[in-house]
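# Structure assessment
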Amino acid sequence: ARAGGVRSSPAAETQLDEVLTSLYNLDYAKSRRASRKLIELEPDNPFGYLFEAGVIWWQASQEYGLFKDTPTLQGLFEQDVEAGVRKSAAYIDSKDRQTRADGYFVSGMTLGARGQWSLMRGQWLDAYFAGRKAVKHLKKCVKLDEEYEDAYLGLGAFDYQTARLSGVARLGV
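What counts and how
Residues numbered from 1 in each chain as written. Predicted model: local features only at pLDDT ≥ 70, side-chain atom pairs only at ≥ 80, totals over all residues. Heavy atoms only, no water. Helix = DSSP H or I, 4+ residues; strand = E, 2+ residues; numbered from the N terminus. Expected span 1.5 Å × (residues − 1). Buried < 20%, exposed > 50% of the residue type's maximum accessible area, 1.4 Å probe, protein only. Salt bridge = Lys/Arg side-chain N within 4 Å of Asp/Glu carboxyl O. Phe/Tyr/Trp six-rings, centres within 6.5 Å; stacked < 30°, edge-to-face > 60°. Axes fitted to C-alpha atoms, helices over the stretch in contact; angles between N-to-C directions. Parallel < 35°, antiparallel > 145°, perpendicular 65-115°, else oblique. Left-handed = near helix turned anticlockwise from the far one by under 90°. Contact = heavy atoms within 4.5 Å. Nonpolar A, V, L, I, M, F, W, Y, C, P; charged D, E, K, R; others polar. Core = buried A, V, L, I, M, F, W, Y, C linked by side-chain atoms within 4.5 Å.

Note: α-helices contain 3.6 residues per turn, so residues at a spacing of three or four share the same orientation. End to end, helix H6 (residues 97-120) covers 34 Å across 24 residues, agreeing with the expected 34 Å (1.5 Å per residue, within 8%). With 17 of 24 residues buried, H6 lies mostly within the body of the structure. A positive backbone phi angle near 75° is found at glycine 122, which sits one or two residues after H6.

Scanning the entire structure with this criterion turns up 5 salt bridges. Linking glutamate 52 and arginine 36 is a salt bridge whose minimum nitrogen-to-oxygen distance equals 2.5 Å. On the criterion of sequence distance, the pair formed by glutamate 52 in helix H3 (residues 46-62) and arginine 36 in helix H2 (residues 28-41) is long-range, its members being 16 residues apart. The shortest N-O distance in the salt bridge between arginine 114 and glutamate 82 comes to 2.2 Å. Taken as a pair, arginine 114 in helix H6 and glutamate 82 in helix H5 (residues 71-92) lie far apart in primary sequence, 32 residues in all. Classification of arginine 114 by relative accessible area gives partly exposed; the value is 27%.

Once that is clear, we can look at the packing of aromatic side chains. What the rule picks out here adds up to 6 aromatic pairs. Relative to tryptophan 117, the ring of phenylalanine 77 lies with its centre 4.2 Å away and its plane at 15°, an arrangement referred to as stacked. Here phenylalanine 77 is found in helix H5, whereas its partner tryptophan 117 is found in helix H6, with 40 residues between them in sequence. Since its relative accessible area comes to 2%, phenylalanine 77 is described here as buried. Given a relative accessible area of 3%, tryptophan 117 falls into the buried group. Plain terms: the ring middles of tyrosine 128 and phenylalanine 129 are 5.1 Å apart, the flat faces sit at 70° to each other, and that makes the pair edge-to-face. Look at phenylalanine 129 and you get partly exposed, because its relative accessible area is 44%.

This part takes up the packing of H3 against H5. Packed helices, taken two at a time, are described by their axes: the angle between them and the distance between them. The contact between H3 and H5 brings their axes to 8 Å, and the two run at 150°. With respect to each other, H3 and H5 are oriented roughly antiparallel. Of the two elements, H3 crosses H5, and the hand of that crossing is left-handed. Residues Pro46, Phe47, Tyr49, Glu52, Ala53, Ile56 and Trp57 of H3 touch H5, and the partners they reach there are Leu73, Leu76, Phe77, Asp80, Val81, Ala83, Gly84, Lys87, Ser88 and Tyr91. Here the contact of H3 with H5 is composed, by residue class, of 12 nonpolar, 2 polar and 3 charged.

As a rule of thumb, soluble globular proteins bury nonpolar side chains together. Phe47, Phe51, Phe105, Cys141, Tyr148 and Ala151 are the most contacted members of the largest nonpolar core, which totals 26 residues. When contributions to this core are tallied by element, the ones reaching two or more residues are helix H1 (10-24), H2, H3, H5, H6, helix H7 (124-144) and helix H8 (149-164). For this core, the element with the most residues is H7, which contributes 5 residues. Other than its neighbours up to four places away in sequence, cysteine 141 contacts Ala101, Tyr104, Phe105, Tyr148 and Ala151. Ranked by size, the runner-up nonpolar core spans 7 residues in total, among them Ala53, Ile56, Ala60 and Ala113.

In the contact formed by H5 and H6, the axes pass within 8 Å of each other and the chain directions differ by 155°. Taken together, the axes of H5 and H6 lie roughly antiparallel to each other. As for the relative orientation of H5 and H6, their crossing is left-handed in sense. Across the interface between the two elements, Gln74, Phe77, Asp80, Val81, Glu82, Gly84, Val85, Ser88, Tyr91 and Ile92 of H5 pack against Thr99, Arg100, Asp102, Gly103, Tyr104, Val106, Ser107, Thr110, Leu111, Ala113, Arg114 and Trp117 of H6. Here the residues of the contact of H5 with H6 sort into 10 nonpolar, 7 polar and 5 charged.

Everything listed here is a matter of geometry and, on its own, says nothing about what the molecule does.
Following this line, the structure appears as structure tokens:
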């Protein structure tokens, strides 16, 4: 998300670094703790909710059986998605172009995570509608900031997932 210009306090940046480092080391608990700390430091910053939801999704995609037995993590994921979308609305309403781009990015990626979650659970229609809205927001992001590289990652993930769907499922894409 840094390519687009996540603007946070130095303390929040430290937590973001910890989120990503721990996630890439597959230390999900440590990554979730850093995400939670980011949320505590900046509760109105939608990025913290996006990152926590992303960590939960990533772990669920690798250890799905764990989440069948841990409904509290599913609930936390859903709360983070809702909070990320809700908090990004204030960014989207900003007069500052970069803040609006950040809002569309967070909203798009958060909805994309919801779509991925739905795909993982076999909820194809829910995944499609979440993905379609995610793409709409990510396209608005790159229209505001053509250099927002991470938004292209989200758009590419959507294209990849829809290319893997059967022909009937792709009709509305």
